[in-house]
Amino acid sequence: MRSLVALLAVFTLAQCSGIVRIPLHKGKSMRKALKEQGLLEDFLKSHPYAKNRKFSNFGEVAREPLFNYLDCQYFGKIHIGTPPQEFTVVFDTGSSDLWVPSVYCKSEACQNHHRFNPSKSSTFRNLNEPLSIQYGTGSMEGILGTDTVTISNIVDSHQTVGLSTREPGTVFTYSQFDGILGLAYPSLASEYSVPVFDNMMKQHLVAQDLFSVYMSRNGQGSMLTLGAIDSSYYTGSLHWIPVTVQEYWQFTVDSVTVDGVVVACDGGCQAILDTGTSMLVGPSSDILNIQRAIGATQDQFGMFDINCGSLSSMPTVVFEINGRKYPLPPSAYTSQDQGFCTSGFQGDDSSEQWILGDVFIREYFSVFDRANNRVGLAKAI
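Keep in mind that this is a model prediction, so the values were computed, not measured.

**Some details on the sheet that holds strand E13 (residues 234-242)**
Then, number 1: Here six strands make up an open sheet; going across it, the order is E1-E12-E11-E28-E29-E13 and the pairing antiparallel. A single partner strand is all that each edge strand has here, and the edge strands are strand E1 (20-23) and E13. On average, each strand axis in the sheet is tilted by 20° relative to the strand beside it, whichever way the strands run.
Then, number 2: When strand E11 (residues 210-214) meets strand E28 (residues 364-369), the two strands line up antiparallel, connected through four bridges. Pairing of phenylalanine 211 across the sheet is with phenylalanine 368, part of E28.

Right, here's the structure in full:
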């Protein structure tokens, strides 16, 4: 999961009207970059995992956990403005705003990334409204405007864009992405902000009001497809799960079992499918049960280590959702890096829902269907 180098997949894109494929490049996570800079230990000491929570926004303030992006590795390209200015973003189904750094931002993190210059775009319009997104290390502050956002061959005009004027701490300094493009429901967006996919649907820019995500296990070939479901990325059939709350992509999980025994989510629980979170997150007591069942041991920073030599004998963790079983083998829930293995499960007592992040999505091709307010899952190739 933690790659030493950015792996770039090269594709020949067959694009038709209202269907667009955006290659997702797997690169270095912020955790890896912080570790290489000798800053990871201090960061983990001052920002423990208990702060990993996604909040709904209130008024002009939207809240996001910095930790949810700490292990992100899947990024894509977009362009903003006329003529277009290029940015690398996380396509995040766990948030709803689009924001990138701006030339007005003097934070160190902004200096190391592409910054949007409104004066160089003939289509930019300032909304004269503030934007503030609260992170564990401080707030990302900025302004809201509208401009043309181009994603592959889709030209999304009059799109709300957040331009950061201040970014928190030093962590974003080492990220391989410039900003975030949220793909959750509009109820999570900041005031005055319209999510990108909602604007596309309103302008009838997509063939179907849905999008799908394939995350490759080896980093090559990952893809976000807007407006279509590409059956070449999965085997068997898609199974549909109704969205229970139209904020995140939230649904009901029936139970989590190991060797046929319920170890977590006894009696059912709520979960969200989140491309912006690398780990699989749940209540600490439930996650601890899972860690014990797979033989993981906790380190001083709350991470759980696994003996790399034990992978072949470790159990499969099974999520039952809408009456169907979705098994996660050890290869799915274990991260290997330079001879060290860690668990992809993470406890968080402040989380109101389980968060099924990249650990889960790599195993299961995922469809996010706004027209029918449902999520589709199928075994990824």
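After presenting the structure, the write-up continues.
**Some words on the state of the cysteines**
Then, number 1: Scanning all chains against the criterion turns up three disulfides.
Then, number 2: Between the sulfur atoms of cysteine 105 and its disulfide partner cysteine 110 the distance amounts to 2.0 Å. On the S-S bond that ties cysteine 105 to cysteine 110, the torsion sits near 75°, and the link is right-handed.
Then, number 3: By relative accessible area, cysteine 105 is classed as buried at 0%.
Then, number 4: The disulfide partner of cysteine 308 is cysteine 341, and the gap between their sulfur atoms is 2.0 Å. Every disulfide takes its handedness from the sign of the S-S torsion; for cysteine 308 and cysteine 341 that torsion is 120°, giving right-handed. With cysteine 308 in the loop between strand E21 (304-306) and strand E22 (317-321) and cysteine 341 in strand E25 (residues 340-343), the pair connects residues that are 33 residues apart, well separated along the chain.

**Some words on the nonpolar core**
Then, number 1: Residues Leu226, Phe319, Trp354 and Phe360 are the most contacted members of the largest nonpolar core, which totals 71 residues.
Then, number 2: Considering every element that reaches this core, the biggest residue donor is helix H4 (residues 196-202), with four residues.
Then, number 3: Contacts of phenylalanine 360, omitting those with residues within four sequence positions, involve Leu273, Leu280, Phe319, Ile321, Tyr326, Leu328 and Leu377.
Then, number 4: Core analysis: the second largest hydrophobic core is formed by 11 residues, Ala109, Ile133, Phe177 and Ile180 among them.

**A word on the pattern of salt bridges**
Then, number 1: Applying the stated criterion across every chain, the model contains eight salt bridges.
Then, number 2: Two residues, glutamate 363 and arginine 217, come together in a salt bridge whose shortest N-O distance is 3.0 Å. Highlighted residues: glutamate 363 in the loop between helix H7 (358-361) and E28 and arginine 217 in the loop between E11 and strand E12 (223-226), separated in sequence by 146 residues.
Then, number 3: One network of salt bridges, with partners in common, ties together Arg217, Glu363 and Lys379.

**Details of the packing of aromatic side chains**
Then, number 1: Taken as a whole and judged by the stated rule, the model has 17 aromatic pairs.
Then, number 2: For the pair phenylalanine 87 and phenylalanine 116, a centre-to-centre distance of 6.3 Å together with 50° between the ring planes defines the contact as tilted. With phenylalanine 87 in strand E5 (residues 85-92) and phenylalanine 116 in the loop between helix H3 (108-111) and strand E7 (125-135), this residue pair connects regions lying 29 residues apart in the sequence.
Then, number 3: Each ring, one from tryptophan 249 and one from phenylalanine 368, has its centre 5.3 Å from the other, and the planes form 75°; the classification is edge-to-face. You can see tryptophan 249 sitting in strand E15 (residues 249-253) and its partner phenylalanine 368 sitting in strand E28, a full 119 residues away along the chain. Taken as a pair, tryptophan 249 and phenylalanine 368 share a single burial class, namely buried.
Then, number 4: Linked through ring pairs, Tyr185, Phe197, Phe211, Trp249 and Phe368 together constitute an aromatic cluster.
Then, number 5: We note arginine 374 situated over the ring of tryptophan 240; from NZ or CZ to the ring centre the distance is 3.7 Å.

Criteria and thresholds
Residues numbered from 1 in each chain as written. Predicted model: local features only at pLDDT ≥ 70, side-chain atom pairs only at ≥ 80, totals over all residues. Heavy atoms only, no water. Pairing = 2+ DSSP bridges. Helix = DSSP H or I, 4+ residues; strand = E, 2+ residues; numbered from the N terminus. Axes fitted to C-alpha atoms, helices over the stretch in contact; angles between N-to-C directions. Disulfide = S-S within 2.5 Å. Buried < 20%, exposed > 50% of the residue type's maximum accessible area, 1.4 Å probe, protein only. Core = buried A, V, L, I, M, F, W, Y, C linked by side-chain atoms within 4.5 Å. Contact = heavy atoms within 4.5 Å. Salt bridge = Lys/Arg side-chain N within 4 Å of Asp/Glu carboxyl O. Phe/Tyr/Trp six-rings, centres within 6.5 Å; stacked < 30°, edge-to-face > 60°. Lys NZ or Arg CZ within 6 Å of the ring centre and 35° of its normal.

Geometric descriptors of this kind do not, in isolation, establish any biological role.
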